[in-house]
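A closer look at the structure
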Amino acid sequence: MKSISNSSLPTFLVETREEAERVVADEIASLVRAKPEAVLGLATGNTPIGVYRELIQKCATRETSFARATTFNLDEYLDLPPGHAGSFRVWMQRTLFAHLDLAPERTNLPELDGAVSGNAIDAHAVAAHYESSIRAAGGLDLQILGIGRNGHIGFNEPGSSRDSRTRVVQLHATTREDAARSFGGIEAVPVRALTMGVATILDARRIRVLAFGAHKSAIVRRTLFDDVSSECPSTFLRGHADVALYVDREAASELDVVRRSRV
Ligand code: PGA
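Quick caveat: nothing in here was measured; it's all calculated off a predicted structure.

1. Description of the overall build of the protein
- Within the protein one finds 8 helices and 11 strands.
- Relative to the globule expectation of 18 Å for 263 residues, the C-alpha radius of gyration of the protein, 18 Å, shows essentially globular dimensions.
- Looking at the protein as a whole, 54% of its 263 residues qualify as buried.
- When contacts within the protein are restricted to residue pairs at least 6 apart in sequence, long-range pairs at least 24 apart make up 76% of them.
- Separation between the mean location of the 31 positive side-chain charges and that of the 33 negative ones in the protein comes to 3 Å.

2. Regarding the nonpolar core
- Core analysis: the largest hydrophobic core is formed by 74 residues, its most contacted members being Ile 28, Tyr 52, Phe 66, Tyr 77, Ile 207, Leu 245 and Val 247.
- No other element matches the 6 residues that helix α1 (residues 17–34) contributes to this core.
- Beyond its immediate chain neighbours, meaning those up to four positions away, Tyr 52 contacts Leu 42, Ala 43, Trp 91, Met 92, Thr 95, Leu 96 and Ile 144.
- Counting residues in each nonpolar core, the second largest holds 7 residues, with Leu 78, Val 126, Ala 127 and Leu 194 among its members.

3. Re the site of the ligand
- Inspection of the region around the ligand gives Gly 45, Asn 46, Thr 47, Gly 146, Ile 147, Gly 148, His 152 and Lys 216 as its neighbouring residues.
- At a separation of 2.5 Å, an oxygen atom of the ligand approaches a polar side-chain atom of Thr 47.
- Within the side chain of His 152, one N or O atom sits 2.6 Å away from an oxygen atom of the ligand.
- In isolation the ligand offers 280 Å² of accessible surface; the protein chains occlude 74% of this area.
- With respect to the pocket detection grid, the ligand is positioned in the largest pocket.
- Its residues placed into classes, the shell around the ligand shows 1 nonpolar, 6 polar and 1 charged.

4. Quick notes on the layout of surface pockets
- In this model, the largest pocket occupies a volume close to 940 Å³.
- Lining the largest pocket are 34 residues, and of these Thr 44, Gly 45, Asn 46, Asp 178 and Ala 179 sit closest to its centre.
- Elements represented by at least two residues in the lining of the largest pocket include exactly β5 (75–77), α3 (88–95) and α5 (173–183).
- When residues of the lining of the largest pocket are assigned to their parent elements, the largest contribution, 8 residues, is made by α5.
- Of the residues assigned to the lining of the largest pocket, the class counts are 12 nonpolar, 15 polar and 7 charged.

5. Describing the environment of Pro 190
- Residue position: Pro 190 is located in the loop between α5 and β9 (192–195).
- Relative accessible area serves as the criterion here: at 8%, Pro 190 is assigned to the buried category.
- Sequence-wise, Pro 190 and Ala 179 are 11 residues apart; in three dimensions their C-alpha atoms are separated by 9.4 Å.
- In this view, Pro 190 contacts Tyr 77, Leu 78, Leu 80, Leu 171, Arg 176 and Phe 183; residues no more than four positions away in its chain are not counted.

6. Quick look at the sheet that holds strand β6 (residues 107–108)
- Strand order in the open sheet made by the 8 strands is β1-β2-β11-β10-β7-β3-β4-β6, with mixed pairing throughout. Two strands close off the open sheet at either side, each with one partner strand: β1 (2–3) and β6.
- As defined by bridge partners, β1 adjoins strand β2 (residues 11–14) across 2 bridges and the pair is classed as antiparallel. Directly across from Lys 2, in β2, lies its bridge partner Leu 13.

7. Things to note about α3
- Buried within α3 are the following residues: Phe 88, Trp 91, Met 92 and Thr 95. Looking straight down α3, one finds that the buried residues subtend no more than 95° of arc, so they occupy a single side.
- As for α3, its buried residues are in contact with β3 (39–42), α2 (49–60), β4 (70–73) and β5.

8. Remarks on unusual backbone geometry
- Despite not being glycine, Arg 62 shows a phi value in the positive range, around 60°.
- Within the secondary structure layout, Arg 62 lies in the loop between α2 and β4.
- On the accessibility criterion, Arg 62 (75% relative accessible area) is exposed.
- We note that Asp 79 has phi near 70°; this positive angle belongs to a residue other than glycine.
- Here Asp 79 lies in the loop between β5 and α3.

About the thresholds
Numbers given to residues run from 1 along each chain, matching the order in which its sequence is written. Local features in this predicted model are restricted to residues of pLDDT 70 or higher, and side-chain atom pairs are both shown and tallied only at a pLDDT of 80 or more, whereas totals for entire chains, interfaces and linings draw on every residue. The side-chain values count all of the structure's non-hydrogen atoms but skip hydrogen atoms and water molecules. Helix numbering and strand numbering both begin at the N terminus, where a helix is a DSSP run of H or I of at least 4 residues and a strand a DSSP run of E of at least 2. Note on method: radius of gyration uses C-alpha positions; expected globular size equals 2.2 Å times residues raised to 0.38. When accessible area is computed with a 1.4 Å probe and restricted to protein chains, residues below 20% of their type maximum are described as buried, those above 50% as exposed, and intermediate ones as partly exposed. Note on definitions: a residue-residue contact is assigned when non-hydrogen atoms from the two residues lie within 4.5 Å. Asp and Glu are treated as the negative residues and Lys and Arg as the positive ones, with His and the ends of the chain left uncounted. Where a charge sits is defined by one atom per residue type, namely NZ (Lys), CZ (Arg), CG (Asp) or CD (Glu). The criterion is simple. A nonpolar core is a set of buried Ala, Val, Leu, Ile, Met, Phe, Trp, Tyr and Cys residues joined through side-chain atoms within 4.5 Å. A molecule or strand has a residue near it when one of that residue's heavy atoms lies within 4 Å. Side-chain atoms alone can form a polar contact between residues adjacent in sequence; in general such a contact is a pair of N or O atoms within 3.5 Å, and within protein one must be able to donate a hydrogen while the other accepts it. Surface accessibility in these figures is a Shrake-Rupley result with a 1.4 Å probe; residues are shielded only by whichever protein chains are displayed. Grid spacing is 1 Å over the protein atoms alone, the probe is 1.4 Å, and a cavity is where that probe fits but cannot get out, while a pocket is an open set with protein on both sides within 12 Å along at least five of seven lines and lining residues have an atom within 4 Å of a point. Placement in a cavity or pocket follows one criterion, namely that more than half of the molecule's atoms lie within 2 Å of its grid points. Here the nonpolar group is Ala, Val, Leu, Ile, Met, Phe, Trp, Tyr, Cys and Pro; Asp, Glu, Lys and Arg are the charged ones; every other residue, Gly included, is treated as polar. Grid points are joined across faces, edges and corners, and a volume is the space filled by probe spheres set on the points. Being paired, for any two strands, means DSSP has found at least two bridges between them. An arc is given here, and it is the one of the directions from the helix axis to the C-beta atoms.

Written out as structure tokens, the structure reads:
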């Protein structure tokens, strides 16, 4: 693993994504061992899967227990029936929660909780409640994060402000395209979601960002070097007091430091 950034976002180049997954999982495990009641910010998608695999392994071998930890996911779709196979709750259950010793009542997503969806007032109340629940839990100790191809973090799409909080958002076309496969077609992808805000994410004490694959190379370059602005919400990560970005060679391929030299 090599430090490669000359940006205000510390960046590490790994030879394989597994290397980054191990580093981040080890960090989470150390945190939970030092502070069993740690509050973890979780993400869905392709990016964090290997980190979750490592955490499951650590729990299975009793190296780490998550029994007293609390989790808050970044986001959840709106307007899906409860238990829908495309929901992030179902995905988290299948991918992580079912395999860890987490207390189910301390696994949180910004979801309508079985309420009939489509009611704007309910969704806004859930958003406000999510913010206060994170605060009441003591704040996020460590947030795991992927970056969308359009620069979104959570579902904070381009246009999201630095001071945004958990709220209802409309999903962008690229976000819906990227989700189309899990819904069997773009027309089935919800148009709205609840997401932690940019400020909610930046309040996390530590943020660990992962980006793997050539399809992330442009957004990695933009995250590190575009002007910091709502046009590319991932640029807001720069300047956070304890953030690190892990990239594989493909995701780093548009960075000059990697292109010009064999780092
Ligand atoms: P991915 O998505 O992990 O599936 O690449 C990242 C994101 O959209 O935040």
